[in-house]
Number of protein chains: 2
Amino acid sequence: MLKLFEYNWQVREDWLDWCGSVSEEELLKKRTGGPGSILYTLFHIVECEYSWITLLQGKPDSGEPPFEKYAGLDKVKDYSARCHEEIAPFLYAWNGDLENRILTNRNSKGEWESFKYGEVMRHVLAHEIHHMGQLSVWSREIGKPPITANLIRRGLFDD
Amino acid sequence: MLKLFEYNWQVREDWLDWCGSVSEEELLKKRTGGPGSILYTLFHIVECEYSWITLLQGKPDSGEPPFEKYAGLDKVKDYSARCHEEIAPFLYAWNGDLENRILTNRNSKGEWESFKYGEVMRHVLAHEIHHMGQLSVWSREIGKPPITANLIRRGLFDD
């Protein structure tokens, strides 16, 4: 499971670097499909991972911060780094005994829901990869090659 | 790992059903970003999973079949079902002892490459989710709601 998180973090870093070569106007432009702009999508990926994993860590639901506070590349980079620092210890300490532990939480409609920890972990993983796929279409739309989605040849399994 | 394959198969089925409500012209139209058309993308997902997993099964490299043979919705559905039937037993029998086994294979440039089995498994998983993200953008472009990418609330962890 950890390898897939490491893959996502590496791909996210690559996309954040890629954003440095694109104008802020393009980064913030509302696009068809996906949650909104390129930068909002990256913010949303970080926020989704952070909010779910902090719940698994037993912390209170933090709620989604207003994007307006983060609507710049450096701010999203900083947000990503801070969130990563807070959740990484939990992910590095993950073990199979946690798979079937139950998280009970109120969803966005105010209803109580329960999920196995293992389900939440995989949901977060798939969520990020899915949105990166959307970025890859938008990057072609603005005439730039996308970050590769290949998981092989990234050195993730060299150890 | 298996849960993520099951997620991919469920999402793929949903997309193949979704295709039934879209004209063949839209399904075969070349789109910006991604490997090509909606139908080619679904074919490509199946082919990628099939070719890598059959290599892990110790079978010879089958090579990519010509898309022209599969350029219709029913043909891609049938191809997906046949490939699934052939590779599913390996995935259901997967265990951690296989993680570090080495696959050596010639890549598309004719170079020999080696990968851990665990790396190939995760590559295949991420590959499919990534391309589904592209489908979600294209579905909005043609005015249709996409298949949800949510892994939670699919009943995958009910057992």
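Not measured: the values here are computed from a predicted model.

**So, the overall build of chain A**
Now for step 1: Counting its regular elements, chain A contains five helices and two strands.
Now for step 2: Start at the N end of chain A and walk to the C end: the helices and strands fall as α-α-α-α-β-β-α.
Now for step 3: Its C-alpha atoms give chain A principal-axis dimensions of roughly 45 × 40 × 25 Å.
Now for step 4: For chain A, buried positions account for 57% of its 159 residues.
Now for step 5: Across chain A, contacts joining residues at least 24 apart in sequence account for 71% of those joining residues at least 6 apart.
Now for step 6: Accessible area of chain A: about 7200 Å², with a carbon and sulfur share of 49%.

**Focus: the pairing of strand E2 (residues 112-116) of chain B**
Remember that side chains alternate between the two faces of the sheet whenever the strand is regular.
Residues and elements named next belong to chain B.
Now for step 1: As judged from the five bridges shared by strand E1 (residues 102-106) and E2, these two strands associate in the antiparallel manner. Pairing of Thr 104 across the sheet is with Ser 114, part of E2.
Now for step 2: Here E1 hands over to E2 after five residues, with Gly 110 in that stretch at a positive phi of 85°.

**Here's the deal with helix H4 (residues 73-92) of chain A**
Now for step 1: Compared with an ideal rise of 1.5 Å per residue, which puts 20 residues at 28 Å, H4(A) spans 27 Å between its outermost C-alpha atoms and is within 8% of the ideal.
Now for step 2: Those residues of H4(A) that are buried are in contact with helix H1 (2-19), helix H2 (24-28), helix H3 (38-56) and helix H5 (117-141) of chain A.

**Comments concerning the confidence of the model for chain A**
Now for step 1: Across chain A, the average pLDDT comes to 96, with 100% of residues at 70 or higher.
Now for step 2: Predicted complex, confidence summary: ipTM 0.96, pTM 0.97.

**A look at the environment of A:Val22**
All names here are of chain A.
Now for step 1: Along the chain, Val 22 falls in the loop between H1 and H2.
Now for step 2: We classify Val 22 as buried; its relative accessible area is 12%.
Now for step 3: Spatially, the C-alpha atoms of Val 22 and Ser 139 are 9.6 Å apart, while their sequence positions differ by 117 residues.
Now for step 4: Leave out the neighbours within four places in its chain, and Val 22 touches Leu 27, Ile 142 and Lys 144.

**Looking at the state of the cysteines**
Now for step 1: A complete count under the given rule lists zero disulfides over all chains for this structure.
Now for step 2: Cysteine A:Cys19 remains unbridged, with the sulfur of A:Cys83 as its closest cysteine sulfur at 16 Å.
Now for step 3: A relative accessible area of 1% means that A:Cys19 is categorised as buried.
Now for step 4: The thiol of B:Cys83 is unpaired, and the distance to the nearest cysteine sulfur, on B:Cys48, comes to 11 Å.

Parameters and conventions
- Residues numbered from 1 in each chain as written.
- Chains lettered and ligands numbered in written order.
- Predicted model: local features only at pLDDT ≥ 70, side-chain atom pairs only at ≥ 80, totals over all residues.
- Heavy atoms only, no water.
- Helix = DSSP H or I, 4+ residues; strand = E, 2+ residues; numbered from the N terminus.
- Buried < 20%, exposed > 50% of the residue type's maximum accessible area, 1.4 Å probe, protein only.
- Contact = heavy atoms within 4.5 Å.
- Areas by Shrake-Rupley, 256 points an atom, 1.4 Å probe, with all protein chains shown as cover.
- Pairing = 2+ DSSP bridges.
- Expected span 1.5 Å × (residues − 1).
- pLDDT = per-residue confidence, 0-100.
- Disulfide = S-S within 2.5 Å.

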